[in-house]
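Descriptive analysis of the structure
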Amino acid sequence: MLETLVELDRARAGLAGQLTTALRDAIAEGRLAPGTRLPSSRALAADLGLSRGVVVEAYEQLVAEGRLLSRRGAGTVVAPALVLREPPSEDSRGYPTPCHGSGIRPMRPGVPDPAMFPRGAWRRAYERALGAMTDADLDYGDPAGARRLRTELASYLGRVRAARVDAGALVVTTGAAQAFALLAAALRDAGITEVGFEDPGSHGVRGHLETHGLRLVPVPVDRDGLDVAALARTGVRAVFVTPAHQFPSGVVLAPARRSALVEWARRTGGLILEDDYDAEFRYDRDPVGCLQGIAPDAVAYVGSVSKALAPALRLGWLAVPGKWRAAVEARKTWADLGGPVLEQLAFAELLAGGAYDRHLRRARSEHRRRRDALVAALDRHLPGLRVTGVAAGLHLVVELPPEFDDVAVVARAAEAGLAPLPLSRTRLTAGGRPGLVLGYAATSPGEIDRAVALLAAVLGSGRSNG
């Protein structure tokens, strides 16, 4: 039976990941019902022409996720708790019934699928880290983070993101949020209270910086990224950018703009705050290297595992130019005396053993598949709308006709169980075409199609006045 539910691309690496994804989708979409008994790993391997080890790895991952149950003598069955939604029906107003589920709501941008978290690999890394820890490791440590993680992270960032940073210059943070809080405090200590900010730009980062006492000055973004000439006219001494994958537009900062931005920083003594938030996920070419790699003297570099692994880990990092290091490290010391060492050492093990790279390859392939499913569903259910920002990341942008109020659309979409972001909320200045920022990373292809059908019904239910 499973042969009809599993499609494998044998020319592509990662058969275990492909099998895991196929079975996960079949469970999520109800094609494998709760209580269904699966073939033994040996039998399924024979049916699919795979090695038994590939099937065992897929089964173990899905057991770790709670999607399968495995008991000695009873075989492997689909977990009974994972009952998915009924087919769409309509409520009394003629809207499809809300698309609520047990996990992340469809179309929410900026979040990965928690079901894709590599639980087995993380458990093994955690156990290795725990076994290798000394008693001294359990004392208060370096507030900048475990040296082992900073060493592995510096190597990874240099290899994958073309960063130029040594372990001593890295600070491990409680996600990117703490990194921005530390930067905001350091800027205020230096007398800098105004920061240039991409317009449109990240609503979440905007909130962090404003909450910590900075006033944001809008700098327009066009198809080449941040307008550096406009930045220069503002007179600010610091600027926030997402050069590898601008949020929300998805554009890459053009080479000429990168050079101009670095020249601006060196000429004015300014600081560039680079958020490298999801740069590992690019689908049309190799990811663009980070800006910090060409100007470590002018760039404060921020990253985290929130998009690649899970936000709940609260693991991020910050690298700042030398003249800012003392201020940042002092603030970090008094903020928390250091983060959770066990999690830091487990992540170091994940990096050192190659499991993080393997996870990213699987996640990149699956995200691309879900991106393709969303683009196809939009073409099917909402033909004619312009779709942008599809080349990378975990979201894309859909432009709406000018008569729509995107905030009102999102409010109606929330009633249907969807969670898109109104494009207008990403702007610091008034105006601009309405639109929706749609996430796809946390939703299976089958659910994506249903979510877009719901969105089409929402858009058809009314215009700007709802």
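Only a predicted model underlies this, so the values are computations on that prediction, with no experimental measurement involved. (Residues numbered from 1 in each chain as written. Predicted model: local features only at pLDDT ≥ 70, side-chain atom pairs only at ≥ 80, totals over all residues. Heavy atoms only, no water.)

Quick word on the overall build of the protein chain
The helix and strand tally for the protein chain stands at 14 helices and 15 strands. The globule rule puts the C-alpha radius of gyration for 466 residues at 23 Å, and the 23 Å found for the protein chain is close to it. Along the longest, intermediate and shortest principal axes, the C-alpha atoms of the protein chain span 65 × 65 × 40 Å. Out of the 466 residues in the protein chain, the part that is buried amounts to 54%. Across the protein chain, the fraction of contacts at a sequence separation of at least 24, relative to all contacts at a separation of at least 6, is 73%. Per element, the accessible surface of the protein chain, about 19700 Å² overall, is 52% carbon and sulfur. (Helix = DSSP H or I, 4+ residues; strand = E, 2+ residues; numbered from the N terminus. Rg over C-alpha atoms; globule rule 2.2 N^0.38 Å. Buried < 20%, exposed > 50% of the residue type's maximum accessible area, 1.4 Å probe, protein only. Contact = heavy atoms within 4.5 Å. Areas by Shrake-Rupley, 256 points an atom, 1.4 Å probe, with all protein chains shown as cover.)

Some points on empty space enclosed by the protein
Within the structure shown, the criterion is met by six cavities of 30 Å³ or more. Forming the walls of the largest cavity are 13 residues, and the residues nearest its centre are Asp276, Tyr277, Glu280, Ser304 and Trp317. Per element, the largest residue contribution to the lining of the largest cavity is three residues, and it comes from strand E10 (residues 299-304). The calculated volume of the second largest cavity comes to roughly 50 Å³. Along its surface, the second largest cavity is lined by Pro106, Met107, Leu374, Leu438, Gly439, Tyr440, Thr443, Ile448, Ala451 and Val452. Of all the elements, helix H14 (residues 445-460) adds the most residues to the lining of the second largest cavity, at three residues. By residue class, the composition of the lining of the second largest cavity is eight nonpolar, two polar and no charged. (1 Å grid on protein atoms, 1.4 Å probe; cavity = no way out; pocket = protein on both sides within 12 Å on 5 of 7 lines; lining within 4 Å. Points joined across faces, edges and corners; volume = space filled by probe spheres on them. Nonpolar A, V, L, I, M, F, W, Y, C, P; charged D, E, K, R; others polar.)

Observations concerning the environment of Ala373
Take Ala373: it is sitting in helix H12 (residues 355-381). In this structure, the C-alpha to C-alpha distance between Ala373 and Leu15, residues 358 residues apart in sequence, is 20 Å. Discounting chain neighbours no more than four positions away, the residues touching Ala373 are Pro445 and Ile448.

What about the sheet that holds strand E14 (residues 421-422)?
Across the sheet, which stays open at both edges, the four strands sit in the order E12-E13-E15-E14 with antiparallel pairing between neighbours. Among the strands making up the open sheet, the edge pair consists of strand E12 (387-388) and E14. Inspection of the sheet shows E14 paired to strand E15 (residues 435-439) by two bridges, in the antiparallel sense. The residue bridging Leu421 from the neighbouring strand is Val437, located in E15. Packing against the sheet, H12 makes contact with E12, strand E13 (395-399) and E15, and its axis sits at approximately 15° to E13. (Pairing = 2+ DSSP bridges. Axes fitted to C-alpha atoms, helices over the stretch in contact; angles between N-to-C directions.)

Comments concerning the pairing of strand E8 (residues 238-241)
With burial as the criterion, each face of E8 is covered, one bearing Ala238 and Phe240 and the other bearing Val239 and Val241. By the bridge criterion, four bridges tie E8 to strand E9 (residues 271-275) in an arrangement that is parallel. When the bridges of E9 are listed, Val241 appears paired with Glu274. With helix H9 (residues 255-268) bridging E8 and the parallel E9, this β-α-β connection has right-handed handedness. (Right-handed = clockwise from strand over helix to strand, strands pointing away.)

As for helix H5 (residues 147-160)
Between its first and last C-alpha atoms H5 spans 20 Å; for 14 residues at 1.5 Å apiece the expected length is 20 Å, and the two agree. Taken together, the buried positions of H5 are occupied by Leu149, Arg150, Leu153, Ala154, Tyr156 and Leu157. Summarising the contacts, the buried residues of H5 are in contact with strand E4 (170-173), E10, strand E11 (316-319), helix H11 (341-352) and H12. Positive backbone phi, approximately 60°, marks Ala162, located one or two places after H5. (Expected span 1.5 Å × (residues − 1).)

Re the layout of surface pockets
A volume near 1100 Å³ is recorded for the largest pocket. Considering the residues around the largest pocket, the lining is formed by 44 residues, among which Ala16, Gly17, Gln18, Thr21 and Arg362 are closest to the centre. Those elements giving two or more residues to the lining of the largest pocket turn out to be helix H1 (15-28), helix H3 (52-64), helix H4 (119-132), H12 and H14. Here the residues of the lining of the largest pocket are counted per class, giving 15 nonpolar, 12 polar and 17 charged.

Considering the side chain of Thr242
Secondary-structure assignment places Thr242 in the loop between E8 and H9. You can call Thr242 buried: its relative accessible area is 2%. Residues contacting Thr242, with those up to four places away along its chain left out, are Glu198, Phe247, Asp275 and Tyr277.

Some thoughts on a positive patch on the surface
Together, Arg123, Arg124, Arg358, Arg361 and Arg362 make up a positively charged patch on the protein surface. When residues of the positive patch are traced back to their parent elements, those giving at least two are H4 and H12. Residue contributions to the positive patch peak at three residues, all from H12. Tracing the sequence through the fold places Arg124 in helix H4. (Patch = residues over 30% accessible without salt bridge, like charges linked within 9 Å, V, L, I, M, F, W, Y side chains within 5 Å. Salt bridge = Lys/Arg side-chain N within 4 Å of Asp/Glu carboxyl O. Lys, Arg positive; Asp, Glu negative; His and termini not counted. Charge placed at Lys NZ, Arg CZ, Asp CG, Glu CD.)

Side note on the sheet that holds strand E3 (residues 75-78)
With antiparallel pairing, the three strands of this open sheet are ordered in space as E1-E3-E2. Looking at strand neighbours, the two that pair on one side only are strand E1 (37-38) and strand E2 (68-71), the edges of this open sheet. As paired elements, E2 and E3 share four bridges and run antiparallel to each other. Bridging from a neighbouring strand, Ser70 pairs with Thr76 of E3.

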